[in-house]
Amino acid sequence: MLLAAGRSTRLGALGLAAPKPLVPVCGYPAIRFGLHAAARAGARRAVVNVFHRGDMVQAVLGERVVSGDGTPAIAITYSVETELLGTGGGIAKARPLFAEGPVLVMNAKVVADLDLAALLAAHGGGGGVATMLLRDDPEPRRWGAIGVDAAGRVVSILDARSPRPPEGVVTERMFTGIHVLNPPLLDRLQPVVSDVIRDAYIPALLAGETIAAVTHAGYFAEHSTPERYLAGNLALLRNPSLLRAPPGPLVGVDPGAALDGSAQVIAPCRVEAGAIVEAGATIGPDVVVGAGAVVAAGARLERTVVWPGAVATGTVADAVVTPSGTVAV
């Protein structure tokens, strides 16, 4: 399941132009990265919950998503929320759509170098009610620290502590929003407004149940603010090897793009099929031009993402250009 129902409020004007799961990252809606990672791990069906601009999410994804690298398609089933139920209620409402057994849950805004097959394998051998994917962070308490002992067992969540003593040193880490949940943990959730951490994980922890943890050491980015969104695009443009298996190319000019002979492209850039770069325009370094977007004649772009269907004119730097206007970052 990919959680895609949030209101995208922290994205400001960008969130009004498109819901967070659809903000384009190097040419792909953010949710495509999670779907692709799940498909590579063997998933053939995903449940996506929607609320804010849910019709837009459904229109973009459709009923199946096909990757360009030969990974089998993944079918999409939607759980439509008439009120925002939160992470707990959203999962519970969608539960009738799940197959029996464990369910992998991810945030749709996350772009990361994921090995979900390894996470699922670790969960299968962990013997717990859930397995959380965590990552190191210099300020884990800022985000809600998860304490993990030397055996890889979660022993604390926020201010809650397991009654079982830890084994060895306890390290505090940050939750990535990616986890595998077994039915006993799902049983703690109801389809009402609720939070999966406070209403399922913490009660399970206090009851002494085993919650396992796996630490993610690779690239990880979430795009909740304009600053993080632009930084995520630039990071992958500058170093596409951060993701071993993206949904498709992260840099370069697609053969289906139309570039005037006098236009200049300064790497790194990503220009999608259907994009138009007019006479005398200069793009780059660090520019993404989406499908159907236009970079007007004589324009100069640096450190900028131009969304599909948008028009960029003049000199633009450190910004996101949407069909609704330009957002400085």
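Right above here is the structure, for reference.
What comes next concerns the included structure. (Residues numbered from 1 in each chain as written. Predicted model: local features only at pLDDT ≥ 70, side-chain atom pairs only at ≥ 80, totals over all residues. Heavy atoms only, no water.)

**Re the overall build of the protein chain**
And then number 1: Within the protein chain, the regular secondary structure consists of 9 helices and 27 strands.
And then number 2: Taking 329 residues into account, the globule formula puts the C-alpha radius of gyration at 20 Å, and the protein chain, at 21 Å, falls close to it.
And then number 3: Taken along the three principal axes of its C-alpha coordinates, the protein chain extends 70 × 40 × 35 Å.
And then number 4: Expressed as a percentage of the 329 residues in the protein chain, the buried residues total 53%.
And then number 5: Sequence-distant contacts in the protein chain: of pairs separated by 6 or more residues, those separated by 24 or more amount to 56%.
And then number 6: Approximately 13400 Å² of the protein chain is accessible, and the part contributed by carbon and sulfur atoms is 53%.
And then number 7: The positive charge centre, built from 27 side chains, and the negative charge centre, built from 28, are 2 Å apart in the protein chain. (Helix = DSSP H or I, 4+ residues; strand = E, 2+ residues; numbered from the N terminus. Rg over C-alpha atoms; globule rule 2.2 N^0.38 Å. Buried < 20%, exposed > 50% of the residue type's maximum accessible area, 1.4 Å probe, protein only. Contact = heavy atoms within 4.5 Å. Areas by Shrake-Rupley, 256 points an atom, 1.4 Å probe, with all protein chains shown as cover. Lys, Arg positive; Asp, Glu negative; His and termini not counted. Charge placed at Lys NZ, Arg CZ, Asp CG, Glu CD.)

**Topic: the sheet that holds strand S23 (residues 294-295)**
And then number 1: Pairing is parallel in the open sheet, where 4 strands are placed in the order S17-S20-S23-S25. In this open sheet, the two edge strands, each paired with only one partner strand, are strand S17 (258-259) and strand S25 (311-312).
And then number 2: Direction of pairing for S23 relative to S25: parallel, over a ladder of 2 bridges. Residue Val294 lies in a different strand from S25, and its bridge partner there is Val311. (Pairing = 2+ DSSP bridges.)

**Side note on the packing of aromatic side chains**
And then number 1: Under the counting rule described, the total for this entry stands at 2 aromatic pairs.
And then number 2: Between the aromatic rings of Tyr229 and Trp307, the centroid separation amounts to 6.2 Å while the plane-to-plane angle is 85°, which identifies the pairing as edge-to-face. Taken together, the residues span a long stretch of sequence, with Tyr229 in helix H9 (residues 226-238) and Trp307 in the loop between strand S24 (300-306) and S25 at a distance of 78 residues. Across the pair, Trp307 and Tyr229 agree in class, each one buried. (Phe/Tyr/Trp six-rings, centres within 6.5 Å; stacked < 30°, edge-to-face > 60°.)

**Considerations on helix H3 (residues 54-61)**
And then number 1: Of all the positions in H3, only Gly54, Val57 and Leu61 are classed as buried. Each buried residue of H3 lies within a common arc of 60° when the element is viewed along its axis, so the set occupies one face. Residues Asp55 and Ala59 are exposed on H3 and point more than 90 degrees away from its buried face.
And then number 2: In the core, the buried residues of H3 are packed alongside helix H2 (30-40), strand S4 (45-50), strand S5 (64-65) and strand S6 (74-80).
And then number 3: Just downstream of H3 lies Gly62, where phi reads positive at about 70°. (Arc of directions from axis to C-beta.)

**Quick notes on the layout of surface pockets**
And then number 1: Quantified by volume, the largest pocket comes out at close to 1100 Å³.
And then number 2: Arg10, Thr87, Asn107, Lys109 and Gly177 are the residues nearest the centre of the largest pocket, which is lined by 39 residues in total.
And then number 3: Elements represented by at least two residues in the lining of the largest pocket include exactly strand S1 (2-4), helix H4 (86-94), strand S13 (171-181), helix H8 (196-206), strand S15 (220-222) and H9.
And then number 4: Element by element, the count of residues in the lining of the largest pocket is highest for S13, at 5 residues.
And then number 5: Within the lining of the largest pocket, the residues separate by chemical class into 19 nonpolar, 11 polar and 9 charged.
And then number 6: Of the volumes computed, that of the second largest pocket is approximately 360 Å³.
And then number 7: Met1, Ala43, Arg45, Val103 and Leu104 are the residues nearest the centre of the second largest pocket, which is lined by 19 residues in total.
And then number 8: Among the secondary structure elements, those contributing two or more residues to the lining of the second largest pocket are S4 and strand S7 (103-107).
And then number 9: Looking at the lining of the second largest pocket residue by residue, the classes come out as 16 nonpolar, 1 polar and 2 charged. (1 Å grid on protein atoms, 1.4 Å probe; cavity = no way out; pocket = protein on both sides within 12 Å on 5 of 7 lines; lining within 4 Å. Points joined across faces, edges and corners; volume = space filled by probe spheres on them. Nonpolar A, V, L, I, M, F, W, Y, C, P; charged D, E, K, R; others polar.)

**Describing the pattern of salt bridges**
And then number 1: In this structure the tally under the stated criterion is 13 salt bridges.
And then number 2: Asp136 serves as the salt-bridge partner of Arg173, at 2.7 Å between the closest nitrogen and oxygen. Of this pair, Arg173 sits in strand S13 while Asp136 sits in the loop between strand S9 (130-135) and helix H6 (140-143), and the two are 37 residues apart along the sequence.
And then number 3: Residue Arg173 is classed as buried on the basis of its relative accessible area of 16%.
And then number 4: Using a relative accessible area of 49% as the deciding quantity, one classes Asp136 as partly exposed. (Salt bridge = Lys/Arg side-chain N within 4 Å of Asp/Glu carboxyl O.)

**Things to note about the nonpolar core**
And then number 1: Core analysis: the biggest nonpolar cluster contains 32 residues, and Ile91, Met132, Ile157, Tyr201 and Ile211 have the highest contact counts within it.
And then number 2: With 7 residues, H8 is the largest single contributor of residues to this core.
And then number 3: Not counting residues up to four positions away in its chain, the partners in contact with Ile91 are Met1, Leu3, Phe98, Val105, Leu186, Leu189 and Val196.
And then number 4: The next biggest cluster of nonpolar side chains, apart from the first, holds 29 residues, and it includes Ala4, Ile31, Ala39 and Val57. (Core = buried A, V, L, I, M, F, W, Y, C linked by side-chain atoms within 4.5 Å.)

**A look at the pairing of S24**
And then number 1: Two elements, strand S21 (residues 282-283) and S24, share 2 bridges in a ladder whose sense is parallel. Residue pairing for S24: Thr282 is matched across the bridge by Arg300.
And then number 2: Note that strand S22 (residues 287-289) and S24 share 3 bridges and pair parallel. The residue of S24 that forms the bridge with Val287 is Thr304.
And then number 3: Pairing geometry for S24 and strand S26 (residues 315-322), over 6 bridges, is parallel. Bridging from a neighbouring strand, Glu302 pairs with Ala317 of S26.

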